[in-house]
Amino acid sequence: MERKALGGTGLMVSTIGFGASGLGEAFGEIDGVEGTRAVAHAVECGINLFDVSPYYGNTLAETRLGEALVGRRDRVVLSTKCGRYGVDTFDFSPGTITAGLEDSLRRLKTDHVDVLLAHDVEFGDLDRVIGETIPAMRAMQAAGKARFIGVSGYPLGALVRVMEAVELDVVLSYCRYNLLNTDMDVELSGKAAEAGVGLINASPLHMGILGGRLVPAWHPAPAEVQAAGALFAEVCGRYGVAPGAAALRFCTDYPEVATTLVGMASVEQVDENLAALTMEVPDGLWGAVEEVLGPVRGRVWASGRVEN
Ligand code: NAD
């Protein structure tokens, strides 16, 4: 699989990255053994970026990913996060995130991660994220525990604000470049490129809506956006393509990001997503998709502190 530079880090990452929140059962119960097989299969197929967080499944995803990567660690770019430890549990203070990374490393069975991201920074006090969290992450980098650092989150303004105030290596943005929203293209991509920051685009299926399957009850998108998933699946059916693959392909065709992170927890899903890279896009597909998704594109939801 093609690899691209992750900003100025020197890391080369695969076009598709493996989002491991599903290993923590973020989208419903999974077979843990099958999750392990999915990781192994993804590595064999050339996927090299794996993204996780202590928040996913209350540490379960890190534990499962760590077990699955035994004997494979040197073949992957491993990314985890700090500062978010529960649905409403955020603590970006230096002491907590430094201890938190030690716990993550134990679960991931490694002595360092390649990327460490402050998780959903819009839930923190951004002045303190800039003045305290990022310097503490740089100290962890200097100690050899993380090769590169950055932030993740939903509101683009918060990501840009941190990126413009302090040097970052990587930014992870989710649900901001896919068939249901492309505002990352206008508000973030150019600025990240100018700053030499590696850009990771997460949630190409808009956290499941575009997969044509069950959408989790916690999904924050407005009802009309969630309902559009069924219309999209119907259009894809007419054109003979799998909705998940079509949605992913729209993202992997976007040249401004280093990688697209899609959530996977089974071998079958890894194969479905790999097929997106080579699928023939039928003439007229994107026009027909536009008719059903155009009217609800760009509908965002609130995330984080109001001032962010
Ligand atoms: P996603 O858009 O990748 O959707 C995942 C859902 O789609 C899951 O239910 C999965 O089972 C399903 N799916 C996957 N491939 C499919 C296919 N081919 N056909 C049909 N359904 C398919 O959303 P995501 O999982 O939230 O995002 C990917 C990853 O990005 C996460 O696992 C995580 O690592 C990262 N992420 C990070 C943040 C953050 O830092 N704040 C937020 C969101 C996502």
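Above this text sits the structure in question.
Bear in mind the structure is a predicted one, so any value in this text is a computation, not a measurement.

A. Highlighting the side chain of His219. Tracing the backbone shows His219 in the loop between strand S11 (198–202) and helix H8 (223–239). A relative accessible area of 6% means that His219 is categorised as buried. Engagement of the side chain of His219 in a polar contact is seen with the backbone nitrogen of Ala221, the distance being 3.1 Å. Discounting chain neighbours no more than four positions away, the residues touching His219 are His206, Met207, Ile209, Gln226 and Trp301.

B. Spatial organisation of the packing of helix H4 (residues 126–142) against helix H5 (residues 156–165). Taken N-terminus to C-terminus, the directions of H4 and H5 make an angle of 35 degrees; their axes are 10 Å apart at the nearest point. Of the two possible hands of crossing, H4 and H5 adopt the one that is right-handed. Counting all contacts with H4, which are made through Leu126, Asp127, Val129 and Ile130, the residues of H5 involved are Ala158, Arg161, Val162 and Ala165. Across the contact of H4 with H5, the residue classes tally to six nonpolar, no polar and two charged.

C. Up close: the site of the ligand. In the vicinity of the ligand there are 28 residues, among which Ser21, Asp51, Asp120, Gln269 and Asn273 approach most closely. Taking Pro204, its main chain carries an N or O atom lying 3.4 Å from an oxygen atom of the ligand. Here a nitrogen atom of the ligand and a side-chain polar atom of Arg213 are 3.4 Å apart. Burial of the ligand by the protein amounts to 93% of the accessible area it has alone, namely 830 Å². When its residues are assigned to classes, the shell around the ligand shows eleven nonpolar, twelve polar and five charged.

D. Here's a closer look at the pattern of salt bridges. Counted by the stated rule, this structure contains 20 salt bridges. Put simply, Glu62 and Arg107 hold a salt bridge, and the shortest N to O gap is 2.8 Å. Taken together, the residues span a long stretch of sequence, with Glu62 in helix H2 (residues 60–68) and Arg107 in helix H3 (residues 94–108) at a distance of 45 residues. By relative accessible area, Arg107 is classed as partly exposed at 21%. One salt bridge connects Asp253 with Arg249, and the closest N-O pair in it is separated by 3.2 Å. The exposure class of Asp253 is partly exposed, given its relative accessible area of 48%. Given a relative accessible area of 14%, Arg249 falls into the buried group. Three or more residues joined by partner-sharing salt bridges are found here, namely Arg73, Asp114 and Arg147.

E. Structural view of the environment of Leu49. Within the secondary structure layout, Leu49 lies in strand S4 (residues 49–51). Residue class for Leu49 comes out buried when judged on its relative accessible area of 1%. For Leu49, the contacting residues outside a window of four places in its chain are Val13, Ser14, Gly17, Phe18, Val77, Ser79, Ile200, Thr259 and Leu261.

F. How the structure looks around the pairing of strand S5 (residues 77–82). Counting buried residues in S5 gives six out of six residues, a clear majority hidden from the surface. Because side chains alternate across S5, one face comprises the buried residues Val77, Ser79 and Lys81, and the other comprises Leu78, Thr80 and Cys82, equally buried. Pairing between S4 and S5: three bridges, direction parallel. The partner of Phe50 across the bridge, within S5, is Leu78. The parallel pair S4 and S5 is bridged by H2, and the resulting crossover is right-handed. In terms of strand pairing, S5 meets strand S8 (residues 113–118) through four bridges, oriented parallel.

What counts and how
- Residues numbered from 1 in each chain as written.
- Predicted model: local features only at pLDDT ≥ 70, side-chain atom pairs only at ≥ 80, totals over all residues.
- Heavy atoms only, no water.
- Helix = DSSP H or I, 4+ residues; strand = E, 2+ residues; numbered from the N terminus.
- Buried < 20%, exposed > 50% of the residue type's maximum accessible area, 1.4 Å probe, protein only.
- Polar contact = N/O pair within 3.5 Å; in protein donor to acceptor, adjacent residues only side chain to side chain.
- Contact = heavy atoms within 4.5 Å.
- Axes fitted to C-alpha atoms, helices over the stretch in contact; angles between N-to-C directions.
- Left-handed = near helix turned anticlockwise from the far one by under 90°.
- Nonpolar A, V, L, I, M, F, W, Y, C, P; charged D, E, K, R; others polar.
- Near = heavy atom within 4 Å.
- Areas by Shrake-Rupley, 256 points an atom, 1.4 Å probe, with all protein chains shown as cover.
- Salt bridge = Lys/Arg side-chain N within 4 Å of Asp/Glu carboxyl O.
- Pairing = 2+ DSSP bridges.
- Right-handed = clockwise from strand over helix to strand, strands pointing away.

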